[in-house]
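Below are the chains, spelled out letter by letter.
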Amino acid sequence: MSRFSSEEIVTKCRRSPIVPVFYHADAAHAKTLVGACYEGGLRVFEFTNRGEAALSVFKELVAFAKESCPDLALGIGTILTPEDAELFIEAGADFVVQPVTTIAVGEVCHKHGIPWMPAGSTLNEIYQATLLGAKLVKVFPGNVVGPGFIRAIKGPMPQLQLMVTGGVEPTADSLNSWFRAGVTCVGIGSQLFAGPNLTPETLRQQVAHLLEVVTPYISEPV
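Residues numbered from 1 in each chain as written. Predicted model: local features only at pLDDT ≥ 70, side-chain atom pairs only at ≥ 80, totals over all residues. Heavy atoms only, no water.

A. Highlighting the overall build of the protein chain. The number of helices and strands found in the protein chain is nine helices and nine strands. Computed over its C-alpha atoms, the radius of gyration of the protein chain comes to 16 Å, within 12% of the 17 Å expected for a compact globule of 222 residues. For the protein chain, the proportion of its 222 residues judged to be buried stands at 50%. For the protein chain, the exposed area adds up to about 9600 Å²; of that, 53% sits on carbon and sulfur atoms. Here the protein chain contributes 16 positively and 21 negatively charged side chains, and the mean placements of these two sets differ by 6 Å. (Helix = DSSP H or I, 4+ residues; strand = E, 2+ residues; numbered from the N terminus. Rg over C-alpha atoms; globule rule 2.2 N^0.38 Å. Buried < 20%, exposed > 50% of the residue type's maximum accessible area, 1.4 Å probe, protein only. Areas by Shrake-Rupley, 256 points an atom, 1.4 Å probe, with all protein chains shown as cover. Lys, Arg positive; Asp, Glu negative; His and termini not counted. Charge placed at Lys NZ, Arg CZ, Asp CG, Glu CD.)

Listed below in C-alpha coordinates is the structure:
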(Lines give C-alpha, C1' and ligand atoms only; values in the text may rest on other atoms or scores of the structure.)
Protein backbone atom coordinates (compact mmCIF):
# COMPACT_ATOMS: atom_id res chain seq x y z
CA MET A 1 0.00 0.00 0.00
CA SER A 2 1.34 3.40 -0.99
CA ARG A 3 1.80 6.12 1.59
CA PHE A 4 -0.34 8.28 -0.70
CA SER A 5 -3.68 7.61 -2.34
CA SER A 6 -4.25 8.36 -6.02
CA GLU A 7 -6.10 11.53 -5.01
CA GLU A 8 -3.21 12.60 -2.78
CA ILE A 9 -0.72 12.04 -5.60
CA VAL A 10 -2.81 14.18 -7.93
CA THR A 11 -2.95 16.90 -5.27
CA LYS A 12 0.83 16.75 -4.86
CA CYS A 13 1.23 17.06 -8.62
CA ARG A 14 -1.02 20.12 -8.60
CA ARG A 15 0.87 21.75 -5.76
CA SER A 16 4.33 20.84 -7.06
CA PRO A 17 3.65 20.48 -10.78
CA ILE A 18 7.17 19.78 -12.02
CA VAL A 19 8.16 16.12 -11.85
CA PRO A 20 11.80 15.17 -12.49
CA VAL A 21 12.15 12.04 -14.64
CA PHE A 22 15.56 10.59 -13.88
CA TYR A 23 17.78 7.53 -13.92
CA HIS A 24 21.35 7.05 -12.78
CA ALA A 25 23.24 3.87 -11.97
CA ASP A 26 25.15 5.48 -9.08
CA ALA A 27 22.99 5.51 -5.97
CA ALA A 28 25.02 8.16 -4.17
CA HIS A 29 24.74 10.53 -7.14
CA ALA A 30 21.02 9.83 -7.44
CA LYS A 31 20.45 10.58 -3.76
CA THR A 32 22.28 13.88 -4.09
CA LEU A 33 20.11 15.03 -6.99
CA VAL A 34 16.86 13.82 -5.42
CA GLY A 35 17.79 15.75 -2.28
CA ALA A 36 18.54 18.90 -4.28
CA CYS A 37 15.17 18.70 -6.05
CA TYR A 38 13.43 18.27 -2.71
CA GLU A 39 15.27 21.23 -1.18
CA GLY A 40 14.25 23.29 -4.21
CA GLY A 41 10.59 22.60 -3.43
CA LEU A 42 9.66 19.61 -5.57
CA ARG A 43 7.52 16.95 -3.91
CA VAL A 44 7.06 14.34 -6.66
CA PHE A 45 9.97 12.48 -8.27
CA GLU A 46 9.93 9.76 -10.94
CA PHE A 47 12.93 7.44 -11.04
CA THR A 48 12.95 5.40 -14.24
CA ASN A 49 13.47 1.69 -14.82
CA ARG A 50 16.00 2.17 -17.59
CA GLY A 51 19.08 0.26 -16.53
CA GLU A 52 20.27 -2.93 -14.86
CA ALA A 53 20.89 -1.07 -11.61
CA ALA A 54 17.42 0.48 -11.49
CA LEU A 55 15.96 -1.76 -8.79
CA SER A 56 18.96 -1.68 -6.47
CA VAL A 57 19.35 2.10 -6.79
CA PHE A 58 15.63 2.61 -6.29
CA LYS A 59 15.69 0.65 -3.04
CA GLU A 60 18.41 2.96 -1.74
CA LEU A 61 16.46 6.01 -2.87
CA VAL A 62 13.36 4.82 -1.02
CA ALA A 63 15.33 4.54 2.23
CA PHE A 64 16.96 7.92 1.60
CA ALA A 65 13.65 9.63 0.87
CA LYS A 66 12.00 8.27 4.01
CA GLU A 67 14.84 9.65 6.13
CA SER A 68 15.70 12.90 4.35
CA CYS A 69 12.68 13.82 2.18
CA PRO A 70 9.67 12.75 4.26
CA ASP A 71 7.07 14.57 2.15
CA LEU A 72 8.39 13.27 -1.18
CA ALA A 73 6.31 10.94 -3.34
CA LEU A 74 8.93 8.75 -5.02
CA GLY A 75 7.62 6.73 -7.94
CA ILE A 76 8.97 4.40 -10.57
CA GLY A 77 8.63 5.00 -14.29
CA THR A 78 9.13 3.04 -17.51
CA ILE A 79 7.22 0.04 -16.18
CA LEU A 80 6.06 -2.26 -18.98
CA THR A 81 5.30 -5.57 -17.27
CA PRO A 82 3.31 -6.65 -14.21
CA GLU A 83 6.40 -8.47 -12.97
CA ASP A 84 8.40 -5.25 -12.85
CA ALA A 85 5.47 -3.48 -11.26
CA GLU A 86 5.44 -6.07 -8.47
CA LEU A 87 9.20 -5.74 -7.90
CA PHE A 88 9.20 -1.96 -7.59
CA ILE A 89 6.02 -1.82 -5.53
CA GLU A 90 7.62 -4.30 -3.12
CA ALA A 91 10.67 -2.01 -3.07
CA GLY A 92 8.50 0.90 -1.90
CA ALA A 93 7.28 2.81 -4.96
CA ASP A 94 4.69 5.45 -4.11
CA PHE A 95 3.32 5.38 -7.66
CA VAL A 96 3.91 3.64 -10.98
CA VAL A 97 4.27 5.40 -14.35
CA GLN A 98 4.05 3.74 -17.76
CA PRO A 99 4.98 5.00 -21.24
CA VAL A 100 1.96 3.01 -22.48
CA THR A 101 -1.23 1.63 -20.96
CA THR A 102 -1.34 -2.07 -20.09
CA ILE A 103 -4.26 -3.51 -18.16
CA ALA A 104 -2.02 -6.06 -16.40
CA VAL A 105 0.16 -3.37 -14.82
CA GLY A 106 -2.93 -1.40 -13.83
CA GLU A 107 -4.36 -4.48 -12.12
CA VAL A 108 -1.16 -4.97 -10.11
CA CYS A 109 -1.25 -1.34 -8.97
CA HIS A 110 -4.92 -1.53 -8.02
CA LYS A 111 -4.32 -4.77 -6.12
CA HIS A 112 -1.65 -3.11 -3.99
CA GLY A 113 -3.40 0.25 -3.67
CA ILE A 114 -0.63 2.01 -5.63
CA PRO A 115 -1.43 5.08 -7.77
CA TRP A 116 -1.06 4.21 -11.46
CA MET A 117 -0.16 6.68 -14.22
CA PRO A 118 -0.45 5.05 -17.63
CA ALA A 119 0.22 6.95 -20.85
CA GLY A 120 -1.54 7.81 -24.07
CA SER A 121 -1.09 10.07 -27.06
CA THR A 122 -4.67 10.11 -28.38
CA LEU A 123 -7.89 11.20 -26.73
CA ASN A 124 -9.25 7.66 -26.93
CA GLU A 125 -6.16 6.19 -25.24
CA ILE A 126 -6.28 8.81 -22.51
CA TYR A 127 -9.99 8.33 -21.89
CA GLN A 128 -9.68 4.53 -21.83
CA ALA A 129 -6.93 4.89 -19.20
CA THR A 130 -9.32 6.84 -16.99
CA LEU A 131 -11.96 4.13 -17.43
CA LEU A 132 -9.36 1.64 -16.19
CA GLY A 133 -8.95 3.67 -13.01
CA ALA A 134 -6.16 6.15 -13.72
CA LYS A 135 -6.67 9.47 -11.92
CA LEU A 136 -3.72 11.13 -13.66
CA VAL A 137 -2.74 10.16 -17.20
CA LYS A 138 0.66 10.71 -18.76
CA VAL A 139 0.65 12.28 -22.23
CA PHE A 140 3.70 11.02 -24.11
CA PRO A 141 5.57 12.04 -26.16
CA GLY A 142 4.75 15.70 -25.57
CA ASN A 143 7.03 16.96 -28.30
CA VAL A 144 4.97 15.05 -30.87
CA VAL A 145 1.46 16.09 -29.78
CA GLY A 146 2.27 19.67 -28.64
CA PRO A 147 0.40 22.06 -26.33
CA GLY A 148 -2.33 22.55 -28.92
CA PHE A 149 -3.37 18.92 -28.45
CA ILE A 150 -3.80 19.44 -24.71
CA ARG A 151 -5.85 22.59 -25.29
CA ALA A 152 -8.07 20.79 -27.79
CA ILE A 153 -8.87 17.74 -25.66
CA LYS A 154 -9.41 19.75 -22.49
CA GLY A 155 -12.26 21.50 -24.31
CA PRO A 156 -14.68 18.56 -24.34
CA MET A 157 -13.08 16.87 -21.30
CA PRO A 158 -11.97 19.57 -18.84
CA GLN A 159 -11.91 17.04 -16.00
CA LEU A 160 -8.85 15.23 -17.39
CA GLN A 161 -5.77 15.36 -15.16
CA LEU A 162 -2.74 15.20 -17.45
CA MET A 163 1.03 14.97 -16.96
CA VAL A 164 2.97 15.72 -20.13
CA THR A 165 6.47 14.30 -20.55
CA GLY A 166 8.84 14.22 -23.49
CA GLY A 167 9.93 17.49 -24.99
CA VAL A 168 9.14 19.66 -21.97
CA GLU A 169 12.07 22.03 -21.49
CA PRO A 170 13.17 23.62 -18.20
CA THR A 171 12.45 27.13 -19.47
CA ALA A 172 9.76 29.69 -18.78
CA ASP A 173 8.59 29.66 -22.41
CA SER A 174 8.16 25.90 -22.50
CA LEU A 175 6.44 25.69 -19.11
CA ASN A 176 4.09 28.57 -19.85
CA SER A 177 3.01 27.02 -23.15
CA TRP A 178 2.11 23.71 -21.51
CA PHE A 179 0.41 25.10 -18.43
CA ARG A 180 -1.60 27.62 -20.43
CA ALA A 181 -2.82 24.68 -22.47
CA GLY A 182 -4.20 23.03 -19.32
CA VAL A 183 -1.79 20.37 -18.07
CA THR A 184 -1.90 19.37 -14.41
CA CYS A 185 1.86 18.88 -14.26
CA VAL A 186 4.87 18.17 -16.45
CA GLY A 187 7.66 15.65 -16.33
CA ILE A 188 11.13 16.93 -17.23
CA GLY A 189 13.89 14.48 -17.99
CA SER A 190 17.51 14.78 -19.02
CA GLN A 191 17.41 18.50 -19.79
CA LEU A 192 16.81 19.25 -16.12
CA PHE A 193 20.02 17.46 -15.20
CA ALA A 194 22.17 18.47 -18.18
CA GLY A 195 25.17 20.74 -18.28
CA PRO A 196 28.82 20.47 -17.26
CA ASN A 197 28.33 22.89 -14.37
CA LEU A 198 25.48 21.01 -12.70
CA THR A 199 25.86 20.84 -8.91
CA PRO A 200 23.31 20.11 -6.19
CA GLU A 201 23.14 23.84 -5.47
CA THR A 202 22.61 24.89 -9.08
CA LEU A 203 19.92 22.20 -9.43
CA ARG A 204 18.22 23.40 -6.25
CA GLN A 205 18.22 26.95 -7.54
CA GLN A 206 16.94 25.91 -10.96
CA VAL A 207 13.97 23.92 -9.67
CA ALA A 208 13.09 26.70 -7.22
CA HIS A 209 13.06 29.14 -10.14
CA LEU A 210 10.95 26.82 -12.29
CA LEU A 211 8.43 26.48 -9.47
CA GLU A 212 8.15 30.26 -9.38
CA VAL A 213 7.38 30.22 -13.10
CA VAL A 214 4.47 27.80 -12.67
CA THR A 215 3.12 29.28 -9.43
CA PRO A 216 0.33 31.22 -11.26
CA TYR A 217 -1.01 27.90 -12.57
CA ILE A 218 -1.06 26.02 -9.27
CA SER A 219 -4.66 25.10 -8.49
CA GLU A 220 -3.96 24.08 -4.91
CA PRO A 221 -2.06 26.29 -2.44
CA VAL A 222 1.54 25.29 -1.84
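B. A look at the nonpolar core. With 64 residues, the main nonpolar core has I18, F58, I150, L175 and V186 as its most contacted residues. Residues I9, C13, V19 and C185 belong to the second largest nonpolar core, which totals 13 residues. (Core = buried A, V, L, I, M, F, W, Y, C linked by side-chain atoms within 4.5 Å.)

C. Highlighting the pairing of strand β3 (residues 73–77). Most of β3 is tucked away, with five of its five residues classed as buried. On β3, burial covers both faces: A73, G75 and G77 on one face and L74 and I76 on the other are all buried. Taken together, the five bridges between strand β2 (residues 44–48) and β3 define a ladder with parallel strand orientation. Paired with F45 across the strands is L74, a residue of β3. (Pairing = 2+ DSSP bridges.)

D. Seen up close, the pattern of salt bridges. In the structure shown here, the tally under the stated rule is six salt bridges. In this structure, D94 engages R3 in a salt bridge whose closest nitrogen and oxygen atoms are separated by 2.8 Å. Taken as a pair, D94 in the loop between α4 (82–91) and β4 (96–97) and R3 in the segment before α1 (6–15) lie far apart in primary sequence, 91 residues in all. Where E60 meets K31, a salt bridge forms, and the shortest distance between an N and an O atom there is 3.2 Å. Here E60 is found in helix α3 (residues 54–68), whereas its partner K31 is found in helix α2 (residues 27–39), with 29 residues between them in sequence. K31 sits in the partly exposed class, given a relative accessible area of 26%. When salt bridges that share partners are traced, they join K12, R43 and D71 into one network. (Salt bridge = Lys/Arg side-chain N within 4 Å of Asp/Glu carboxyl O.)

E. Region of interest: the side chain of N176. Along the chain, N176 turns up in helix α8 (residues 172–181). If we ignore the near neighbours within four places in the chain, the residues touching N176 are V213 and Y217. (Contact = heavy atoms within 4.5 Å.)

F. Molecular detail of the environment of T78. Within the secondary structure layout, T78 lies in the loop between β3 and α4. It is 6.3 Å that separates the C-alpha atoms of T78 and V97, two residues lying 19 residues apart in sequence. Discounting chain neighbours no more than four positions away, the residues touching T78 are E46, T48, N49, R50, V97 and P99. One polar contact links T78 to R50, side chain to side chain, over a distance of 3.1 Å. (Polar contact = N/O pair within 3.5 Å; in protein donor to acceptor, adjacent residues only side chain to side chain.)

G. View of the pairing of strand β9 (residues 185–188). Burial of the side chains of β9 extends over both faces: C185 and G187 are buried on one face and V186 and I188 on the other. Pairing between strand β1 (residues 18–22) and β9: three bridges, direction parallel. Looking at β9, one finds that P20 is bridged to I188. As paired elements, strand β8 (residues 162–165) and β9 share three bridges and run parallel to each other. Bridge assignment links T165 to a residue of β9, and that residue is G187. Handedness of the crossover is the feature at issue here: the chain leaves β8, passes through α8, returns alongside β9, and the resulting connection is right-handed. (Right-handed = clockwise from strand over helix to strand, strands pointing away.)

H. Representation of α4 in the model. Within α4, burial applies to A85, F88, I89 and A91. When α4 is viewed along its axis, its buried side chains cluster within an angular range of 155° and face the same direction. Relative to its buried face, α4 has exposed residues pointing more than 90 degrees away, namely E83 and E90. Where α4 is buried, its residues meet α3, β3, β4 and α5 (103–112). Just beyond α4, the residue with positive phi is G92, at close to 115°. (Arc of directions from axis to C-beta.)

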